[in-house]
Structure formats: C-alpha cells, structure tokens
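# An overview of the molecular structure
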Amino acid sequence: MNYPIYLDYNATTPCAPEVIEAMLPYFGTHFGNAASKSHPYGWMAENAVEEAREKIAHLIGAKAKEIIFTSGATEAINLGIKGTFEAYQGEKQHYITAWTEHKAVLDTFAEIQKKGAEVTYLPVDSKGNISMEELENSILPHTKLICLMWANNETGVIHPVEKIADLAESKNIIFFTDAVQAAGKIPVFTKGIHLMAISAHKLYGPKGVGALYVRHNHDLPKPLAQIHGGGHEKGMRSGTLNVPAIVGFGKASELRLAEMNAEALRLEFLRNRLEKGVLEIPDTFLNGSQEFRLPHVTNISYGEVEGEELLKKVNQKVAVSSGSACTSISPKPSHVLQAMGLSSDLGRASIRFSLGKNTSETDIDLTIDWVKKVVLELRK
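Residues numbered from 1 in each chain as written. Predicted model: local features only at pLDDT ≥ 70, side-chain atom pairs only at ≥ 80, totals over all residues. Heavy atoms only, no water.

On to helix α4 (residues 103-114). Helix length check: α4 (twelve residues) gives 16 Å between terminal C-alpha atoms against 16 Å at 1.5 Å per residue, within 8%. Within α4 the residues assigned to the buried category are Ala104, Val105, Leu106, Thr108, Phe109 and Ile112. Tucked inside the fold, the buried residues of α4 contact α3 (73-87), β3 (94-98), β4 (118-122), β5 (143-147) and α9 (335-339). (Helix = DSSP H or I, 4+ residues; strand = E, 2+ residues; numbered from the N terminus. Expected span 1.5 Å × (residues − 1). Buried < 20%, exposed > 50% of the residue type's maximum accessible area, 1.4 Å probe, protein only. Contact = heavy atoms within 4.5 Å.)

This part covers the pairing of strand β2 (residues 67-70). Of the two faces of β2, both are covered, the one formed by Ile67 and Phe69 as well as the one formed by Ile68 and Thr70. Note: β2 against strand β8 (residues 210-214), four bridges, orientation antiparallel. What sits directly across from Ile67, in β8, is Tyr213. (Pairing = 2+ DSSP bridges.)

Secondary-structure assignment places Ile351 in strand β12 (residues 350-354). Placed 81 residues apart in sequence, Ile351 and Leu270 show a C-alpha to C-alpha distance of 16 Å.

Positive phi, normally seen in glycine, also occurs at Asn172, with a value near 60°. The exposed category is assigned to Asn172, whose relative accessible area is 56%. Although it is not a glycine, Glu233 sits at a positive phi angle of roughly 50°. With respect to the element layout, Glu233 can be found in the loop between β8 and α7 (243-278). Judged by its relative accessible area of 9%, Glu233 is buried.

To continue, consider the sheet that holds β12. One open sheet accounts for three strands, arranged β9-β10-β12; its pairing is antiparallel. Unpaired on one side and paired on the other, β9 (284-286) and β12 mark the two borders of the sheet. Sheet twist, expressed as the average angle between the axes of neighbouring strands with direction ignored, equals 25°. With five bridges connecting them, strand β10 (residues 297-302) and β12 associate as antiparallel partners. By the bridge assignment, Thr298 is partnered in β12 with Phe353. α7 contacts β9, β10 and β12 of the sheet and is inclined by roughly 10° relative to β10. (Axes fitted to C-alpha atoms, helices over the stretch in contact; angles between N-to-C directions.)

Okay, structure coming up:
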C-alpha cells in the first residue's frame, strides 16, 4: 500500500526505531512488574522505569521524583485539574483557562464547574494570543489555578509561559500547563510551573503513556489521586506500570533532547517553504501568530471551498487534519479558530499541516502542487 505523505505529526508521531529497540526486551525477557520488590525480575523493571523517569525529567528540566506516570496526557490533565479541585474541597474555588485549550482541558473544567467550581475562559485575539493584562485582571482572591497550554495543537501558537509563571508565583496560584505539543519540539522549563502534562506519542514514543510533572518545592496543595488501588507513583496514580511504554518514553525523551534544536531549524525552513507555496493560492489565509509559534506547524484557511470536500480530497495524497485528532470526526468548525474570530465556513475549510522527522523537501513540493490542484478544482 502506498500511504499518503504524512503531515499530521501533531496528531501522533511514529515510534523512532531506537525507541522500539529499547522497548522490545521488556515485552519478553525483562517482563517483570516494577512493583515486585522481592526478586530480580521486579528489580530490573523498576530500574528501567527509574532510568526512564530520569530521562523524561531531563527533557523538561525537572527532578525525577517530580514525574508521575499516567496513561497519557488526557489522564495527566484530569489528574492535575480534578486532583487540584479535590485538594481544595470545601473552599470557594476559581480557575482560569482559555477558549483555545485542548478539549481534554475544556471538558475537564466543564466537569468541575458542575461540582461548584467557578471558571473564567480567557478570549484570544485574531492571532490566537492571550492578553496578560486580561489574565491578571481575571485573578480573584479565591483563584486556585491558572491552566494555559504551552503551544496550541491546532495553530502552533506559543503562550508567554514565563510571564504567566511569574504572575502565578507572585499571586501564590498554581500554574498548570499542557506542554504536550511543546515538549520535545522546543526547549521547555519548569521554573514557576507547578503542574505540566506531557505525552510520549507526540515525541516519537509509544501511545498509551504520558506524565504529569508535579513540582515539589512549594507549599500549595498537590493534586489528589483520581485512580486508587495500590499507592503506585507516590500514591498519586495507582496501577501496574506499563514498563515497555515507559522505557520507550524515556528513550524518546533522550533522543528529542539531542535532536530537537537542529530538527527545529530544518522543519522551520520546510514549514516556511510550504506556507509560501500554498499561500500563492488566491483567497487563502494563515491562521495564528507568525511571531510566537512552533517551528513545524502551519494552519491555513481556503476561501470559496467546502471544508469537508477539501479535507477529503487533500487526504487522498497528503495525510492532514482540520485540527485536533480528538475532534476530527466532528463536522463543526474548530473551536480554536472560532475563538480567533474565523467564520464557520473558513473554520471548516482550514487545514493544519504539522511536519516531522521524516518530512522531506520533496514531500513539501508535492504537497504544494497537490493542494493547489485540489483547491482550484473545487473552486471550479
């Protein structure tokens, strides 16, 4: 089968060969349970998990003991938000987030709202940027947590994380960032951040494993466990650890740290080439900030075409999406693009291109030609 050119790396990435190689022994030869403390099989699994924890911590500038393994970023987000809500149970609670967050964040906030939490959803401008002034003005005496993503999964727009962290610190408020699209793509840090969600399958690791960074050196409440049954992961997330996937996560983090900076320059060049070619089509529009964004992502809208037909035709030769993989079956326009002020028609007729390790110049040139052909045909 001849697969289409893959330009949907924000949805998922292929496991790096080195990651697969690192994982394989832990499916068979080294099959021990990391919680088995009485024999060498368990010790070997536990050592592998702790080595991986060190590598993942190194990627984001954390300490190993601050990494809590989960089944993925969605669980990490639920643990961070719901766990904080429960830690403050009995108190009046206010939270701040933005309309452009991932659905994992928005849906989780909707759940705690049902239980009495007050939530402020910040607007964004036409470029997808939040206002720091608006953020500061939204803080109330009972604000418990600010939750803003590091980089947007649909547009690549990067929020001013350092400024947000400084503001949260000055007000003694927990700052939680969804760094799923940032970690392993651009340098990230933990200074001033209390909680951070990351995922292995966005950085050439396996699906089904993620982590929540939980900062230790502060006095604010830590999230309470949402899954109970054995007290694994310092009591924050019970359940037998997925040792092969965790080993793969660690190896992927190690590789990303070594490759990230050079790869970002290469992908930025290719992304700019793609944009230049596609934006030659009349009545096309770039969505999001050109100044503050990830190097490998672009989101472009196409006037005078029907969105569903556009996506269907483009995907015959180039695998792309109109936004988050979690909402790709929805006929509704992207909530991110709507928050930025795009019309429903333009929102539906938008394509996110996200490039990765295997993307070549030939892929980009073929994509430009194909998208031009599709758009012009649909307009006829």
